[in-house]
Amino acid sequence: GLSLDRQAQVINTQFRSFDYLPLLAAQLIAGDVLPVTHVIEDICDMPLALCWVDSFGNIKTNALPEDAGFEEGKVVPGAMVVLKVDEQRQLRLPCYNRLKDIPDNQVAITIGSSGHGTKRFLEIMQQGKSAAATLALQSGLKIEFLS
């Protein structure tokens, strides 16, 4: 275990990724059994949303391909979907399997690199430009696929 001084430092730090996570990782790698203080039983469904705009202006969502009606390898390149953004805007965007398939200067929906397990989230991207700037979109807006 940790000394009382080290425990106090870890508990009171504002830099958990620096002070705590390496200690936790070392314990996990060593096969130590860690105490469980709370188990989350239920996780609420999260509404579909624009979750993050990265430094390139790509807009990461929490939507899966099936939410937009397409799956990797089965989408017809350029097939269009209508995306309702907040209560005021609707966008008609083409779908592509990968960023490299999106034609230059076109904004499109693609299967992104982030996700959970084997599921990949959709992203709104523009080849060589910022999709967020082109569409004037930001993180936190709710979305809905209409077609």
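Preceding block: the structure.
Residues numbered from 1 in each chain as written. Predicted model: local features only at pLDDT ≥ 70, side-chain atom pairs only at ≥ 80, totals over all residues. Heavy atoms only, no water.

Undergrad: Describe the pattern of salt bridges, and please don't skip the residues or the numbers.
TA: According to the stated counting rule, one finds 5 salt bridges in the structure shown. Between Asp101 and Arg98 there is a salt bridge; the shortest N-O distance is 3.0 Å. With a relative accessible area of 41%, Arg98 lands in the partly exposed category. (Salt bridge = Lys/Arg side-chain N within 4 Å of Asp/Glu carboxyl O. Buried < 20%, exposed > 50% of the residue type's maximum accessible area, 1.4 Å probe, protein only.)

Undergrad: Describe in detail the pairing of strand β5 (residues 107-116), supporting the description with residues and values.
TA: Direction of pairing for strand β4 (residues 89-96) relative to β5: parallel, over a ladder of 2 bridges. Directly across from Tyr96, in β5, lies its bridge partner Thr110. Of the pairings in the sheet, the one linking β5 to strand β6 (residues 119-126) comprises 7 bridges and is antiparallel in character. Looking across to β6, one finds that Ala108 is bridged to Met125. (Pairing = 2+ DSSP bridges. Helix = DSSP H or I, 4+ residues; strand = E, 2+ residues; numbered from the N terminus.)

Undergrad: If you had to explain empty space enclosed by the protein to someone new, which residues and values would you point to?
TA: Empty space left among the atoms is revealed by rolling a probe the size of a water molecule over them. Within the structure shown, the criterion is met by 1 cavity of 30 Å³ or more. There is about 30 Å³ of room inside the largest cavity. Contributing elements (two or more residues each) for the lining of the largest cavity: β6 and β7 (143-145). No other element matches β6, which puts 3 residues into the lining of the largest cavity. Classifying every residue of the lining of the largest cavity gives 7 nonpolar, 1 polar and 1 charged. (1 Å grid on protein atoms, 1.4 Å probe; cavity = no way out; pocket = protein on both sides within 12 Å on 5 of 7 lines; lining within 4 Å. Points joined across faces, edges and corners; volume = space filled by probe spheres on them. Nonpolar A, V, L, I, M, F, W, Y, C, P; charged D, E, K, R; others polar.)

Undergrad: Break down the sheet that holds β5 for me, citing the residues and quoting the values.
TA: Judged by pairing direction, the sheet is mixed, and its 7 strands sit side by side in the order β1-β2-β6-β5-β4-β3-β7 without closing on themselves. Pairing within the sheet leaves two strands with one partner each, and these edge strands are β1 (50-53) and β7. Across the sheet, the axes of successive neighbouring strands diverge by a mean angle of 40°, strand direction being ignored. In the sheet, strand β3 (residues 80-85) pairs with β7 via 3 bridges, with the strands oriented antiparallel. Each residue of the ladder has a partner; that of Val85, found in β7, is Ile143. (Axes fitted to C-alpha atoms, helices over the stretch in contact; angles between N-to-C directions.)

So, to be careful, I would describe these as geometric facts and stop short of saying anything about function.
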